[in-house]
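Analysis of the macromolecular model
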Amino acid sequence: MFLMLSFTAPRSFAFVIRTGYLVLGLFLGSCRPQFLDTVDLELPSKLVVGCNLVLESDPIFQNDSLFLKLNQSAPLFGQQANSDSGLAGATLRLVRQRPGLVPGPDDTLSVFGFDELRSVYGAKVRRNDGSSFVQEGFTYHLSVRSADGRSVESSTTVPVWRFSDTTMQVLVQGSPSTWTRSVQIRVQWRDLTGANGSQDPGYYRVNYRITGNPWFDEDRWLNDHMGWYPNQLVNVGTAVNGLFTWQDRVDLSMMPGDTMPSNGRLEVAIQRISPELFRYLRAVGQQDAQDGNPFSEPTVIPSNISNGLGCFGSCVQFRLSKPLPW
Amino acid sequence: MFQHLFHFKFRVLILLWLGWTNAHAQIQRFTVSGFVRDAANGEMLVGASLWLPEIQSGTSTNAYGFYSMTLPRGTYTLQVSYVGFQTRSLRLDVDSNRKFNFEMDPLKDLQEIEVVDDRISRQAREVQMSKIELTPQQIQQIPMLFGEKDLLKTFQLMPGVQKGNEGSSGIYVRGGGPDQNLILLDEATVYNASHLFGFFSVFNGNAIKNASLTKGGFPARYGGRLSSVLDISMKDGNNRDWCTEGSIGNISANVTVEGPLIKNKASMLVSGRRTYLDLLTAPLLLSSTDGLGGYFFQDFNAKFNYQLDDRNRLYLSGYLGQDKFYATTFGSNPLERTTASLGWGNKTGTLRWNHQANSRTFINSSLILSDYTFLIQLKSNEGLETFDLKYNSTIRDVGVKVDLDWLPVPEHKIKAGFQSTRHTFIPTAFVLKNSTAPDFNFDRVAREYSLESGLYVEDEWSLGDRWLLHPGLRVSTFAAGTKTYARPEPRLAARYLLGNNQSLKVAYTEMNQYLHLLSNSGTGLPTDLWVPANEKVGPQFSRQAALGYSLDKPRRSLSFSTEAYYKTTQGNIAYRPGASFLLIDPEELFNENGPPKVQWEEQVVSGSMVSYGLEILLQKHHGLWNGWLGYTWSKTDLRFEELNGGLPFPARYDRRHDLSWVNFFDIRPPKLGRKGIKGSAVFVYGTGNAVTLPQGTFNAPILGIPGFENNNNIFFGPGWNSTDYGAQNNYRLRSYQRVDLSLQFTRRTRCGERVTELSAYNLLSRANPWFIQVESDRFGRNRLVQYSLFAFVIPSISWRFKFCQCS
């Protein structure tokens, strides 16, 4: 009926009807709404490497072994991979290069064992003559080949660190009648090395623990939680005339009736860390702090593992220790 | 010996100068000057061409329709032309200083063209490159989303100008971000030129006289932004007859009234536009719910001009625009009401004085105001208890500007001027008034002030028949807080004529930008904040070089141009990882001292950009079929030390290929008593946007302190999965393709016309990507889902009308 009307009605009205047909026809003829569409995407699982070469400023503390963690990421799309357990059966090789020299036969470490309990690879770094495979200023090239044929590479240069005027101030507040103690720590050091080029202006990581106390495990470092990492990291931006300062405060509580320990010690470990390790630690902490906030910018965790994730870093460590006056 | 050498050189210079002036003195020269207007309504025509074939030389009108030419004594044929108007040709006897004002008649239909508009043959002869000019007629013909004609979306169809997201009216010019475009409406800066999150621009087409977009080769008179200058002039108002025009479309209606307050001496124009969907739904909401809500946008333009005498003219123009989402709920008590709103808007005002000092000198002086505000508000009244929370961000400008056009000799066209603007920034203003807890009230407003100035001089210098140089220098200064920046910005453009209608062009520019736009990529809100450069965050700086070739074929009404450009930028800013646009910690919102003030400088990182590309534009200007084909190949990489591990990454709107094919068909020209039919078809194609797609999750291993591992765990990790984002902007969305069609039926009457337009947006129902998201299916597996906004054809119908006083 409407079709007949469009040809028999007065001209202007017919025009409107025909126009309506045209619009409706266009709409219906091509209406296949596809607001949602699944995009086929397969992403590979990546190898994740964690390894930190540590050189103690006091050889007494130098570790006999170095450790490497190897697992894999779980891709968002495609075949799911187990990302929780370590990957055994990998082939590892660590080559040391002295500045300006070609690596020699003594500069390769390829004997790595796999510790099933701790799910890590380890290698002995202390030589028979007592010297360590890990030396400052040397560049280390790591190559990892997993059991399923995937391989990654990385390299790091152990920082050179000279320092002086190292002090630690500790203040304990509270009274015997209360069951809390507030411990404030302030550590300062003067960096004599200066910047190792523009890429390494000076990055540090500080951690501490309190021993001889009933409130915490003796072996546990107090600010090892991810949320504390921004607190651990120190960079050259905070230094004044080469003097770095780091400070923190921890409140300790005990139950009424507990016996106050007669001794306690505060131990602080200061590490001058490689730039890639600094950026990695900072990004992991930032991503944690975002915690799904939709208004904040996403944080990309940088990695110096080619074709992989994680970080191969290095550091020089210095320890301070002081008794605590409870 | 040096004294002798000095005196000798000095004498040589004096002799040369005397020789030059003597030579010029012997050639008698006279100046011809005046204005070029539209005969129908008295509007000044900007960029109208005046050409003298005998000497193969000419000029064009300036931004106020004024021209001046100094010629040797003699007789000439002067051709005056302008797009859309009939060319005028007259015999000119130059034997004294003369004043000629021209009135141009619009073209009625194609058959009336007897002389092809030879202005296009002079595009190859102009020194200015990288410039696009659009007329309101072109904008009216292009099919658009919901039938809403949009100036910015029309520019997106040109090479070198990328669009943003689906439906967005933002423009990205030669790799630059939307903050790097200087948008001027009658010389006032418009800070946010978008309605409805970028779906429509704020410019009402009925109020616009002309618009030009300069992408490179910037003359020294422009400064303050790095990527482009979009210069829009409002109509002055018909000073002959009263006219009314308007339109009604799918979502908005607009009306414009213009006319003479004093015929041929003073005129006015008032134009308004508003969406009406919320008005239509308000009664339904009120009757069915206990509240109402909706969204609208509106624009209001007004302009008055008054000709004091032959040499002096005053203009006053203004713009008000607003977007608002609102929701109001009512309680059982008439005094109970809660209102929430989210809104933003621009206000601009310009007062200008044109003064023709003499036949060779023209001066424009302007007082300019501009304001942009974004506001979130929550108000609640429950009887005697009130709660009022307001968050706003504002930028406000007050400025003066003086421009001088001086044509001392035919070989030199000199422009010089000065501009100074006082910016007031209020990046965050938080006000809380709570009658039940007055102790928690606070009024935290952060204000910053700055003064931005620029002094420039430029010269269009003819060197013989083939070379045309355009050197210029701009010195810009910016004072904010304790810091003052002062930087020279050299500009140079040159044109070499290869033949009558083809030329090579080259340009080099340096630009500084002292304002930054903080843009959060995670939200879709207009929460962009304008902040000034200061002692902590410096200005942005760019260098751009461009090389181009231009060819005109006036007999075939064709023109071809191609340009290659290379641009570098330093000082770009972006939010650092983890930063938030709110600049406050939400958990501290109700802190007894109020939210702590967060310095925006701590939220950003600074980086650089490299962009290069090739643009091709082929245009047919007249005929039953006309239009253009534009193609751009480009690459834009960003680099920030603290983003993406310091490695370069593609910009979000880095599009390798961008193609626009625009066709106009004059099916049947309109005449009195006969309906005219025009058609248009547009095809666009673009490479997909670059986005950051999470790759997976992993346990980020972190070595503990050797020898003191906790419970034999050597590695401490966060205990939960970290997200692997891969590289920044590591994933490309699907390509963007779209076909639009429209038909316009025009009926002319003696005193006006009516146009009915039918259009189809996205005719092929292409599901173009809007954004992507990771979702889980019912088996718990992740899948990547693409959302499309306009996944089917969108038809629209609109009706436009115009009628004027019949004389």
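Details of the structure are given in the entry above.
This report concerns the structure included in the present document.

Cut-off values and rules
- Residues numbered from 1 in each chain as written.
- Chains lettered and ligands numbered in written order.
- Predicted model: local features only at pLDDT ≥ 70, side-chain atom pairs only at ≥ 80, totals over all residues.
- Heavy atoms only, no water.
- Helix = DSSP H or I, 4+ residues; strand = E, 2+ residues; numbered from the N terminus.
- Buried < 20%, exposed > 50% of the residue type's maximum accessible area, 1.4 Å probe, protein only.
- Areas by Shrake-Rupley, 256 points an atom, 1.4 Å probe, with all protein chains shown as cover.
- Pairing = 2+ DSSP bridges.
- 1 Å grid on protein atoms, 1.4 Å probe; cavity = no way out; pocket = protein on both sides within 12 Å on 5 of 7 lines; lining within 4 Å.
- Points joined across faces, edges and corners; volume = space filled by probe spheres on them.
- Nonpolar A, V, L, I, M, F, W, Y, C, P; charged D, E, K, R; others polar.
- Expected span 1.5 Å × (residues − 1).
- Core = buried A, V, L, I, M, F, W, Y, C linked by side-chain atoms within 4.5 Å.
- Domains from an automatic or database assignment.
- Disulfide = S-S within 2.5 Å.
- Salt bridge = Lys/Arg side-chain N within 4 Å of Asp/Glu carboxyl O.

A separate point is the overall build of chain B. A count of helical and extended segments in chain B gives 4 helices and 51 strands. The buried share of chain B, taken over its 807 residues, is 55%. Accessible surface computed for chain B: about 34,000 Å², of which carbon and sulfur atoms make up 58%.

Another aspect to go through is the sheet that holds strand S13 (residues 188-189) of chain B. Backbone hydrogen bonds hold the strands of a sheet together, and the pairing may be parallel or antiparallel. Taken together, 5 strands build an open sheet; the order of strands is S9-S16-S17-S12-S13 (chain B) and the sheet is mixed. Strands with a single pairing partner mark the edges of an open sheet, and in this sheet they are strand S9 (131-134) and S13 of chain B.

All right, on to empty space enclosed by the protein then. Residue and element names in this part refer to chain B. Under the definition given, this model contains 9 cavities of 30 Å³ or more. Computed from the structure, the largest cavity encloses a volume of approximately 190 Å³. Taken together, 16 residues form the lining of the largest cavity, with Gly147, Glu148, Lys149, Ser247 and Asn254 sitting closest to its centre. Counting residues per element, the ones that place at least two in the lining of the largest cavity are strand S18 (243-248), strand S19 (252-262) and strand S51 (794-804). Of the residues contributing to the lining of the largest cavity, the split by class is 2 nonpolar, 10 polar and 4 charged.

Turning next to helix H4 (residues 275-290) of chain A. All names here are of chain A. With 16 residues, H4 ought to run about 22 Å at 1.5 Å a step, and its terminal C-alpha atoms sit 23 Å apart, in line with that. The element H4 is extensively covered by neighbouring structure, given that 12 of its 16 residues are classed as buried. Pro275, Glu276, Leu277, Phe278, Tyr280, Leu281, Ala283, Val284, Gly285, Gln287, Asp288 and Gln290 are the residues of H4 that are buried.

On to the nonpolar core. Judged by nonpolar contacts, the single largest core of 50 residues is most densely connected at Leu94(A), Trp189(A), Val268(A) and Ile270(A). Here this core gets 5 residues from one element, more than from any other, and that element is strand S2 (residues 47-56) of chain A. Split by domain, this core shows at least three residues from each of two domains, domain 1 (3-158) and domain 2 (163-271 + 319-323) of chain A. The next biggest cluster of nonpolar side chains, apart from the first, holds 43 residues, and it includes Leu134(B), Ile139(B), Met144(B) and Phe200(B).

Applying the stated criterion across every chain, the model contains 1 disulfide over all chains. The residue that forms a disulfide with Cys243(B) is Cys804(B), at a sulfur-sulfur distance of 1.9 Å. Of note, the bridge from Cys243(B) to Cys804(B) carries an S-S torsion of about 110 degrees and is right-handed in sense. Here the residue Cys243(B) occupies a position in strand S18, and Cys804(B) occupies one in strand S51, the gap between them amounting to 561 residues. For Cys804(B), a relative accessible area of 23% translates into the label partly exposed. Residue Cys315(A) stays outside any disulfide, its sulfur separated by 11 Å from that of Cys51(A), the closest cysteine. The exposure class of Cys315(A) is buried, given its relative accessible area of 0%.

The next point concerns unusual backbone geometry. All names here are of chain B. Non-glycine residue Glu187 carries a positive phi angle of around 75 degrees. As for its placement among the helices and strands, Glu187 is situated in the loop between strand S12 (181-185) and S13. According to the relative accessible area criterion, Glu187 is buried, its value standing at 10%. Its identity as a non-glycine residue notwithstanding, Asn264 has a phi of 60 degrees, on the positive side. On the basis of relative accessible area, Asn264 is assigned to the partly exposed category, the value being 43%.

Moving on to the pattern of salt bridges. Residues and elements named next belong to chain B. If you walk through the whole model with that rule in mind, you get 40 salt bridges over all chains. Residue Arg174 pairs with Glu563 through a salt bridge whose shortest N-O separation is 2.7 Å. In this pair, Arg174 is assigned in the loop between strand S11 (171-173) and S12 and Glu563 in strand S35 (residues 558-575), connecting sequence segments 389 residues apart. A residue is classified by how much of its surface remains accessible, and Arg174, at 1% relative accessible area, is buried. Residue class for Glu563 comes out buried when judged on its relative accessible area of 10%. Of the charged contacts, one joins Asp637 and Lys635 as a salt bridge, the two residues approaching to 2.8 Å between their closest N and O atoms. The exposure class assigned to Asp637 is partly exposed, which follows from its relative accessible area of 22%. Overlapping salt bridges bring together Glu43, Asp186, Glu187, Lys209, Asp236, Lys303, Arg352, Lys401 and Asp403 as one network.

Any functional reading would require information that these geometric values do not contain.
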